[in-house]
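# Residue-level structural notes
Residues per chain are reported as follows:
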Amino acid sequence: MTQLWLIRHGETEWSAAGRHTSRTDVPLTEHGREIAAKVGQFLAATKFAAVLRSPMGRARETCEIAGYGSVAVVDDGLREWDYGVYEGRTSKEIQAEIPGWSVWDDPIIGGETVEHVGERADGVIARALAAGSDAVGAQAEDVANVALFAHAHILRILAARWVGLEARGGSLFALGTGSVSVLGWERETRVIQRWNRGFEAGS
């Protein structure tokens, strides 16, 4: 069996301000880099059969600081949801113009539908499972772990798809920056084993 370890990138100035961040490459803050190092310390006890990451700089930086930059493979499916005209804006700002607006329920003008992001997530899951299966077969181990370094919404949607929810079900899963979650199994059923494990600076 293959377990997927979901690692959201560390804090950026935009994530701290609640600004929708997809195609804009915003670097980690100093706090974000410190938490990325904590993530690396936490992950060090786990052997990974494969490491996949988003092509965006904030995911790359988190992956590198955590110690997996040299082995990570870029997977374009792990890009964050394309927010179109809402890129760089907060929900509060958008709701001032469109009362009740939600990224989950309203049209994303110039960007992606939530269903399309779900299709990308399905592709990532398939590739991660294949990588894990190859490792189990080659090493005769019972469980293979695959790490995915990416972003909040794509990882929330990926988790929803893992447990059989539609992509919009990602709205049910809060996910902090610099967090680690684990998707696994209970017998033959896909489950969420751990969710949104955060880290404190200086601890």
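Structure: see above.
As a starting point, this report considers the structure included with it.

## Focus: the packing of helix α2 (residues 30-43) against helix α3 (residues 57-66)
- α3 packs onto α2 with a crossing angle of 50° between their chain directions and a minimal axis gap of 7 Å. Taken together, the axis directions place α2 and α3 in an arrangement best described as oblique. For the pair α2 and α3, the crossing hand works out as right-handed. Facing R33, A36, A37 and G40 of α2, the residues of α3 in contact are E61, T62, I65 and A66.
- Residue composition of the contact of α2 with α3, grouped by class: 4 nonpolar, 2 polar and 2 charged.

## A closer look at the side chain of H151
- Secondary-structure assignment places H151 in the loop between β4 (144-150) and α6 (152-162).
- In terms of polar contacts, H151 uses its side chain to reach the side chain of S54, at 2.7 Å.
- Setting aside its immediate chain neighbours within four residues, H151 contacts R8, H9, S54, M56, R58, A59, L78, R79 and E80.

Rules behind the numbers
Residues numbered from 1 in each chain as written. Predicted model: local features only at pLDDT ≥ 70, side-chain atom pairs only at ≥ 80, totals over all residues. Heavy atoms only, no water. Axes fitted to C-alpha atoms, helices over the stretch in contact; angles between N-to-C directions. Helix = DSSP H or I, 4+ residues; strand = E, 2+ residues; numbered from the N terminus. Parallel < 35°, antiparallel > 145°, perpendicular 65-115°, else oblique. Left-handed = near helix turned anticlockwise from the far one by under 90°. Contact = heavy atoms within 4.5 Å. Nonpolar A, V, L, I, M, F, W, Y, C, P; charged D, E, K, R; others polar. Polar contact = N/O pair within 3.5 Å; in protein donor to acceptor, adjacent residues only side chain to side chain.

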